[in-house]
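# Residue-level structural notes
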Amino acid sequence: MGDKKNWVSAADRPELEGNLQYHIRCKPGDIADIVLLPGDPERVPKMSETWDEFKEVGRNREHVTHTGKIRGIDISACSTGAGGGSTASAMEGLATIGAKTFIRVGTTSGIQPHIKPGDLIISSGAVRYDGTSENYVSLNYPAVADYEVVASLVEACERLGYTYHVGITATAASFFCGQNRDGFGGYRQSWFQSRYEDLRAANVVNYEMEAATVLILSSLFKLKAGAIFAVIGNRVTNEFAYGGIEKSIAAATEAAIILKGWEKLKKENNKQ
Ligand code: URA
């Protein structure tokens, strides 16, 4: 393995020569301070192809990272893979090399009847069934989105004329049993249904697999984060229609531009 001779660190924080991060294989200077986080590596080029310019700065396992520019701002996208574990690894690496703001851009199913495939959901917070964030902090600690990131996503959807909902997301550690779907061969536990009904009664709007991890780690690291989703299904009506990904990408990119504008305004007015 060529990598082996380049190890410069110990097992407690593995890095390669030049601070190259173990999971994402990016180093300081490779990424912008705003990073879009899709789960799917194939969604990274879908994002970067909408920018004015970009280059690939990392590719390892499920993590593909592109950095570029759009309308005068620097921007990156790094795929997290599915679920909290690989998301946390990516964020650890990204935070270490300078990421300041994360916007998760994903797909989801609504669990309230009024949420239609093709709509967008912006998370205000997340229920922590992700299985990863509890390795960082007690489950009593809330997974909340940064208010400026939420506001920028709302403003972006308004500018672009998209239908969106703002609400609390449920992050599950599993697409199937963790989201009240049967496992293989009809495998079920009684709590699959009761957890789903309890989430619905608590006005939770959607199921997905990474937001709670992203929001918790960002709060713990003193960074900012939010999440936006393309609705591809509805669990109440049992509709499924894959689409709307381009809208979530456009809204997240517009939000990044808005956030950079607000940052400039705050600097000019000596506000934090
Ligand atoms: N992603 C999920 O985690 N669940 C869905 O139902 C759709 C997308």
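Every value quoted in this text rests on a predicted model; they were computed, and no experiment measured them.

Here we take up the nonpolar core. Grouped together as the largest cluster of nonpolar side chains are 62 residues, with contacts concentrated most on Leu-94, Phe-102, Ile-103 and Ile-228. With residues up to four places along the chain from it excluded, the contact list for Phe-102 reads Val-35, Leu-37, Met-91, Leu-94, Ala-95, Val-214, Ser-218, Leu-223, Lys-224, Ala-225 and Gly-226. Membership of the second largest hydrophobic core comes to six residues, among which are Ala-170, Tyr-196, Leu-199 and Val-204.

On to helix H5 (residues 211-220). With respect to burial, H5 is a largely interior element, eight of its ten residues being buried. Buried within H5 are the following residues: Ala-211, Ala-212, Thr-213, Val-214, Leu-215, Ile-216, Leu-217 and Ser-218. Looking one or two residues past H5, Lys-222 carries a phi angle of roughly 60°, positive in sign.

Taken together, the side chains of Tyr-136, Tyr-141 and Leu-220 present a nonpolar region at the surface, about 220 Å² in accessible area. With respect to the helices, strands and loops of the structure, Tyr-136 is situated in the loop between strand E8 (120-129) and strand E9 (143-144). Note on Tyr-136: relative accessible area 31%, which makes it partly exposed.

Turning to the environment of Ala-170, a few remarks are in order. You can see Ala-170 is positioned in strand E10 (residues 164-172). Expressed as a C-alpha distance, the spacing of Ala-170 and Ala-126, which sit 44 residues apart in the sequence, is 5.4 Å. Once residues within four sequence positions are removed from consideration, Ala-170 is found in contact with Val-127, Leu-199, Val-204, Asn-206, Tyr-207 and Glu-208.

What follows is about the packing of aromatic side chains. This model, assessed by the stated rule, comprises five aromatic pairs. Judged by centre distance (6.2 Å) and plane angle (70°), the ring pair of Tyr-187 and Phe-192 falls under edge-to-face. One aromatic cluster is present, built from ring pairs that chain together Tyr-187, Trp-191 and Phe-192. The ring of Phe-175 has Arg-181 lying over it, and the distance from NZ or CZ to the ring centre is 4.0 Å.

Two elements in contact, helix H2 (residues 84-96) and H5, have axes separated by 9 Å at closest approach and are oriented at 35°. Seen from above, H2 lies across H5 with right-handed handedness. Contact with H2, carried on its side by Gly-84, Thr-87, Ala-88 and Met-91, involves Thr-213, Val-214, Leu-217 and Ser-218 of H5 and no other residues of that element.

Another point: unusual backbone geometry. For Arg-25, which is not glycine, the phi torsion reads 55° and is therefore positive. Following the sequence through the fold, Arg-25 ends up in the loop between strand E2 (20-21) and strand E3 (34-37). Phi at Arg-61 is positive, roughly 50°, even though this residue is not glycine. Its location among the elements puts Arg-61 in the loop between strand E4 (53-60) and strand E5 (63-70). Under the relative-accessibility criterion, Arg-61 is labelled exposed at 55%.

Calculation criteria
Residues numbered from 1 in each chain as written. Predicted model: local features only at pLDDT ≥ 70, side-chain atom pairs only at ≥ 80, totals over all residues. Heavy atoms only, no water. Core = buried A, V, L, I, M, F, W, Y, C linked by side-chain atoms within 4.5 Å. Buried < 20%, exposed > 50% of the residue type's maximum accessible area, 1.4 Å probe, protein only. Contact = heavy atoms within 4.5 Å. Helix = DSSP H or I, 4+ residues; strand = E, 2+ residues; numbered from the N terminus. Patch = residues over 30% accessible without salt bridge, like charges linked within 9 Å, V, L, I, M, F, W, Y side chains within 5 Å. Areas by Shrake-Rupley, 256 points an atom, 1.4 Å probe, with all protein chains shown as cover. Salt bridge = Lys/Arg side-chain N within 4 Å of Asp/Glu carboxyl O. Phe/Tyr/Trp six-rings, centres within 6.5 Å; stacked < 30°, edge-to-face > 60°. Lys NZ or Arg CZ within 6 Å of the ring centre and 35° of its normal. Axes fitted to C-alpha atoms, helices over the stretch in contact; angles between N-to-C directions. Left-handed = near helix turned anticlockwise from the far one by under 90°.

Scope: geometric values only; no functional claims are made or implied.
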